[in-house]
Amino acid sequence: MNQILRKLGWMTRRSRKEAELRDELQFHLQEEAEQSEAAGLPAEQAKRAARRELGNVALLMEDTRATWGWIWLERFWQDLRYSARMLRKNPGFALAAILSLALGIGANTAIFSLLNAVLFRPLPVADPQQLVQFTNTIPLWETGSGIARDLYAYPQLERFQAQSKTLSGIFGWTGLGRINVGSHGTSGIAQGNASSDNFFSVLGVRPRYGRFFSAGEDRAGASVAVIGDRYWRTRFGADPSIIGGAITVNQVPFTVIGITPPEFSGISVGGSPDIWVPLHALDLLKPDSKRWKEPFSSAWMQIAGRLRPAISRQQAQAELDVIHRQFLAQQLPISQFSGLETVQRFVYEGHLVLRPAATGMSSGLRDSYALPLKLLMLVAGIVLLVACANLANLLLARASNRRREFAVRLALGASRGRLVRQFLTESIVLALAGGLLATPMAWWGSLALVRMIFAGDSRAPLSVDPDWRIFAFTAAVSLLTGILFGLAPALCSTRADPGPVMKEGTPGAGRSPHTLDRTLVVAQVALSVVLITGAGLFLRTLQKLWSVNVGYDREHVLMLSVDAELAGYPSDRAGSVYREILRRLQVLPGVKSASASIVRPVDDQFYLLDKVNEIDGRRLPERDVIHVAWNATSPGYFSTVSTAVVSGRDFELRDNETAPKVVIVNESLAKSAFPNQDPLGHRLGLATIVGVVKDSLYSGARDQPRPLLYHPLFQHGPDQEYRWGFVSFELRYGSLSNLSAEVRREVASVDPNLPVFDTKTLVAQTEESLMEVRLLATLSSFFGALALLLACVGFYGLMAYAVARRTAEIGIRLALGARRDHIMWLVLSETLWLTLAGIAAGVPLAWCAAQFAKSLLFGIGTADPLTIAATVAILIGVAALAGCIPARRALRVDPMTALRYE
Amino acid sequence: MSIEANSRVELLQGTLDLLILRTLLLGRAHGHAIAKHIQRTSEDLLQVETGSLYPALHRLEARGWIAADWELSERGKRAKYYRLTIKGRKQLQAEHAKWDTFSRAMGLVLNPLNREEA
């Protein structure tokens, strides 16, 4: 490396060195001449003698230059200039090659940028490889095995901090979700995070301005806030004087103490908080008596730590698992839950597991996109391979026109290595040019992908800014591509034995290396089969997902969320605000019916789970407890989303805080709680069942019907609190025009401080919930079409070349009276055979690739007959089309011209 | 093998480097001076070809055994002066030792009878 740099340095100083050498030799001449003159020679003669003595100056300079050590560089430079000349002579080829390479490399880089951002990029903190995240296993009845979760109770954090000797620091944090940040009379929604006071110091992040939390600052009454760099720029105009200033979070005053550095945006992929507050600030925002003491029923925080030097993750895990289990075993006897078998199993059978966290803490975004992005990487890689095969064929065809030239050069003594090197230089120049062009394309592409994934979310919490990894990837892929498509043609066309080639009359009439170009086309077809099958599988999955009967009607429903808590309403007054908004929305023109609920029919925020453990006053044994999902809805919800009420009634306005408690169950819950009975009038817990509704799929199209419990939204209020803050409104509309603006106006007329967010139709929300599959279906269709186009070009090139080569033969056949359709078939049959060979290779390959995507498919198997049939049909059709044009040209061959041609 | 007084000998491959290094041990010098010095001290037996002197100087410079600076010559002209580096000094010692061994070995083989005199 050093040597290369030194040589490059010399390159730039080359002209100076040349001049110096000339000066040096000039001095030598003068010195020699003067000495001879001093010895008595006449001046003229002395000069001539000196010159003679110096000898061949050009040779001397050449020899000297050689010692400077750039011989190989100069050769490379020669090859480079030669390549540039060849490409300039054939700009059409160069342009097509560079464009197709740019597309292929750009697609790969774009996907890799995302993959890098989601999976590979280490956290921008000191020694990220030392970070570990705490998870624990919970044994389940249903599966017998445990699931891992990453939530802990606060007393556990204190215990870990007090007792661990293997970690140098342990911190805890929790998301605050949406918060309302006020400053100088304006307010805005932001993402908040609460963390223990050692959060930044254990991570090793230094503040850009101000300071971070100091030790001991996380205590009751703590009201300081750290602001994220991006939020500081967008909301506060990057004003450093904000430090020490006052802001409000959900109407509670806080003091700003510091700004994070620009590169730090949180510790999990996709979550970039705008504001950090100490854990104990939670008491100011949402008081909860169980939060600090309860070890079993209140696990709400995530914990991570930093390994001490020379301590392995396994060592730390062994130590921490003991601390974890001891703590739980001590707490169990004094807990009110000590009699519960689930809690006992958690205490005695659960374990602590440390997860490496160099690239960030657990992240929902990473979980849902890791596999789709890896599949897309595979898809993009295949497209690039198809493009490579195409270029290899083009180069091969071009090289066969230059066989004579190569033969001559070989005969004159050029080494084959030198020729191959020249060939490779040319293909690598093409690939690097493609890579260069690909870089901006990839940047644009990855931004487009991020916009697609975070549809509608302007503060997409994922940065795909190019880093050295992405540049290294592009460079490596370009280089590899160049070698890949250049090597085979280079080796193939320099293998020629000069003798026979030079004896042949016309350049280009030589035998083509039959097997290689055909193999390449077959490979293109096989790879296209993989891509098109993949696209087909995802399109079919998408179609199946859309056609599932979800139990509600998606069309003509607009949804929006309002959060009264963020506007400073205490939970007991929030209910009346929501009631007022609902009343106004119901009478809007164009709105057929309106309702409110906590969870939307399709929800990307959360789902609510509960247990039914008492039926008609009879306590269920622990193993018979019914796990239910639940929602709280206003009167009119079922008619708004078109879920049929099977028996009984919907909630009514009279089901309020003071009325007797009522619930509605779905058919699944009715069936499991009251087999063969009418559930109406029975009690679940304290509430009486007043209605039964049709099953609907609670968490999207992939869900199964499951027991579902509905509480009345406005009765649910006072004792259970609006713990989830916001409420979603659903409107069944006749026409959407202007509706969302009118809705905003109505909400503002109740209170202008009420934040309205996530306004979207149910169809749009469903589309977002299917984003992973849509992304895969769209991109694999696009890439599949691209591969098909490339394969088509490959086919066309191959067949056109074959026809040109066989012009004489076809001419003779025609002259001897061959039928035209026979000639046509002659060309087409070859196309067809090659296609079938490609399909035969591609279908099993596609099946193998589909195994990776299995978990993303829905309603179809990995060997979906319809998809395979469609793929085969498309490929044969396209290949026939590509073969048709050369075939028709074969028909137009004039026998006389063809025969004279030889 | 006898040598006539004013005939010149061809330099053996690789020996020019050693001669240059040895010459520079006496102090810095420009190319012309180096050539003349070798010629003089070898009593004109060794004639340094300019065509191989300068490539050799540049090669030694590239290897870091000698370094060069532009200075004014005794006659007030700009000249490129070479000097020995520390690395070059070590190289000279090694080469010198190698040459001694080599020439002794050559002597032993060529003049086996004169062993005692050698």
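Note that this is a predicted model, so its numbers are computed, not measured.

**Q** I would appreciate a short explanation of helix H28 (residues 865–891) of chain A in the present structure.
**A** Side chains that are three or four residues apart share a direction in an α-helix, a result of its 3.6 residues per turn. Residue and element names in this part refer to chain A. The end-to-end C-alpha distance of H28 is 38 Å, a good match for the 39 Å that 27 residues give at a rise of 1.5 Å each. Along H28, the sharpest kink reaches roughly 30°, centred on Cys884 and followed within four residues by the proline Pro886. Along H28, the residues classified as buried are Thr867, Thr871, Leu875, Ala879, Ala882, Gly883, Pro886, Ala887, Ala890 and Leu891.

**Q** For this particular structure, what's the right way to read the interface of chain B and chain A?
**A** One frequently used descriptor of interface size is the decrease in accessible area upon assembly of the parts. Contacts between chain B and chain A engage 21 residues on the former and 21 residues on the latter. A combined buried area of about 2,000 Å² lies between chain B and chain A, and 54% of that area is made up of carbon and sulfur atoms. Inspection of the chain B/chain A interface yields four salt bridges. As a salt-bridge pair, Glu34(A) and Lys77(B) come within 2.7 Å of each other at their nearest N and O atoms. Here chain B is connected to chain A by six residue pairs in polar contact (both at pLDDT 80 or more). Looking at the side of chain B that touches chain A, the elements that each hand over two or more residues are helix H2 (31–41), helix H3 (50–63) and strand S3 (78–84) of chain B. The element contributing the most residues to the side of chain B that touches chain A is H3(B), with seven residues.

**Q** Honestly, the packing of helix H13 (residues 364–401) of chain A against helix H25 (residues 771–805) of chain A in this entry has me stumped. Any pointers?
**A** Geometrically, a packed helix pair is captured by the angle between its two axes and the distance between the axes. Residues and elements named next belong to chain A. Here H13 crosses H25 at 10°, and the two axes come no closer than 10 Å. Taken together, the axes of H13 and H25 lie roughly parallel to each other. Its residues placed into classes, the contact of H13 with H25 shows 19 nonpolar, five polar and one charged.

**Q** Please clarify how the sheet that holds strand S2 (residues 66–72) of chain B should be interpreted in this entry.
**A** Two pairing modes exist for strands in a sheet, parallel and antiparallel, and in both the strands are linked by backbone hydrogen bonds. Residues and elements named next belong to chain B. The strand order across the open sheet built from three strands is S1-S3-S2, with neighbouring strands paired in antiparallel fashion. The two strands at the open ends of the sheet, each matched to only one other strand, are strand S1 (29–30) and S2. Sheet topology note: the S1/S3 ladder contains two bridges and is antiparallel. The residue bridging Ala29 from the neighbouring strand is Tyr82, located in S3. Sitting on the sheet, helix H1 (residues 15–24) touches S1, S2 and S3, and the angle it makes with S3 is about 95°.

**Q** Is there a simple way to explain unusual backbone geometry in this structure?
**A** Glycine aside, residues mostly have negative phi, and peptide bonds are mostly found in the trans state. Residue and element names in this part refer to chain A. Despite not being glycine, Asp127 has its phi angle at roughly 40°, a positive value. By secondary structure assignment, the location of Asp127 is in the loop between helix H6 (91–120) and strand S1 (131–139). Even without being a glycine, Asn676 presents a positive backbone phi close to 60°. Looking at where Asn676 falls in the secondary structure, it is placed in the loop between helix H21 (667–673) and strand S20 (683–684). Exposure remark for Asn676: the relative accessible area of 84% places this residue in the exposed category.

**Q** Whenever I open this one, empty space enclosed by the protein confuses me. Can you help?
**A** Residues and elements named next belong to chain A. One pass over the structure, following the stated rule, counts 13 cavities of 30 Å³ or more. In this structure, the largest cavity encloses a volume near 190 Å³. If you list the elements that add at least two residues to the lining of the largest cavity, you get H13, helix H18 (514–547), H25 and helix H27 (820–853). At six residues, H18 tops the list of elements feeding residues into the lining of the largest cavity. By residue class, the composition of the lining of the largest cavity is 14 nonpolar, three polar and no charged.

**Q** I'm lost on the pairing of S3(B) in this one. Help?
**A** Successive side chains on a regular strand alternate, one facing one side of the sheet and the next facing the other. Residue and element names in this part refer to chain B. Counting buried positions along S3 yields five of seven residues, so the element is predominantly enclosed. Pairing of S2 with S3, which is carried by seven bridges, proceeds in the antiparallel orientation. Counterpart to Ala68 in the pairing with S3 is Tyr82. The hairpin formed by S2 and S3 contains five residues between the paired strands, and Gly76 there has a positive phi angle of roughly 80°.

**Q** How should I be thinking about the packing of aromatic side chains in this particular structure?
**A** Residues and elements named next belong to chain A. If you walk through the whole model with that rule in mind, you get 24 aromatic pairs over all chains. On the numbers, 6.1 Å between centres and 85° between planes, the contact of Phe134 with Tyr152 is edge-to-face. With Phe134 in strand S1 and Tyr152 in the loop between strand S2 (146–149) and helix H7 (154–163), this residue pair connects regions lying 18 residues apart in the sequence. Since its relative accessible area comes to 0%, Phe134 is described here as buried. The exposure class assigned to Tyr152 is buried, which follows from its relative accessible area of 0%.

How each quantity is defined
- Per-chain numbering applies: the sequence of each chain, read as written, is numbered from 1 onward.
- Starting at A for chains and at 1 for ligands, labels are handed out in the order in which the entities are written.
- Predicted model: local features are reported for residues with pLDDT of at least 70 only, side-chain atom pairs are reported and counted for 80 or more only, and whole-chain, interface and lining totals are derived from all residues.
- To get the side-chain values, all heavy atoms of the structure are used, and hydrogens and water are removed first.
- Secondary structure counts use DSSP, requiring at least four H or I residues in a row for a helix and at least two E residues in a row for a strand, with both numbered from the N terminus.
- Here the expected span of a helix is defined as 1.5 Å times the quantity of residues minus one.
- In this scheme, the bend at a residue equals the angle between the axes fitted to the seven residues that finish there and the seven that begin there.
- Exposed residues in this analysis have more than 50% of their type's maximum accessible area, buried residues have under 20%, and partly exposed residues fall in between, with area computed by a 1.4 Å probe over protein chains only.
- Whether two residues touch is decided by their heavy atoms; if any such pair falls within 4.5 Å, the residues are in contact.
- Computed with a 1.4 Å rolling probe, the buried area is the accessible surface lost when two parts are put together, summed over both parts.
- Note on definitions: salt bridges are taken to be side-chain nitrogens of Lys or Arg within 4 Å of carboxyl oxygens of Asp or Glu.
- Here a polar contact is taken to be a pair of N or O atoms separated by no more than 3.5 Å, where protein atoms must pair a possible hydrogen donor with a possible acceptor and residues adjacent in sequence count only if both atoms sit in side chains.
- Lines fitted to C-alpha atoms define the axes here, with helix axes fitted over just the stretch in contact, and angles between the N-to-C directions of these axes take values from 0 to 180 degrees.
- Note on angle classes: values under 35 degrees are labelled roughly parallel, values over 145 roughly antiparallel, values of 65 to 115 roughly perpendicular, and the remainder oblique.
- Under this grouping Gly is polar, as are all residues other than the nonpolar Ala, Val, Leu, Ile, Met, Phe, Trp, Tyr, Cys and Pro and the charged Asp, Glu, Lys and Arg.
- Should DSSP find at least two bridges between two strands, the strands are regarded as paired.
- Within this scheme a cavity is a closed region of a 1 Å grid, computed over the protein atoms alone, that accommodates a 1.4 Å probe without allowing it to escape, whereas a pocket is open but has protein on both sides within 12 Å along at least five of seven lines; lining residues each have an atom within 4 Å of a point.
- Grid points are joined across faces, edges and corners, and a volume is the space filled by probe spheres set on the points.
- When two rings of Phe, Tyr or Trp (its six-membered ring) have centres within 6.5 Å they constitute a pair, described as stacked for plane angles under 30 degrees, edge-to-face for angles over 60, and tilted for the intermediate range.

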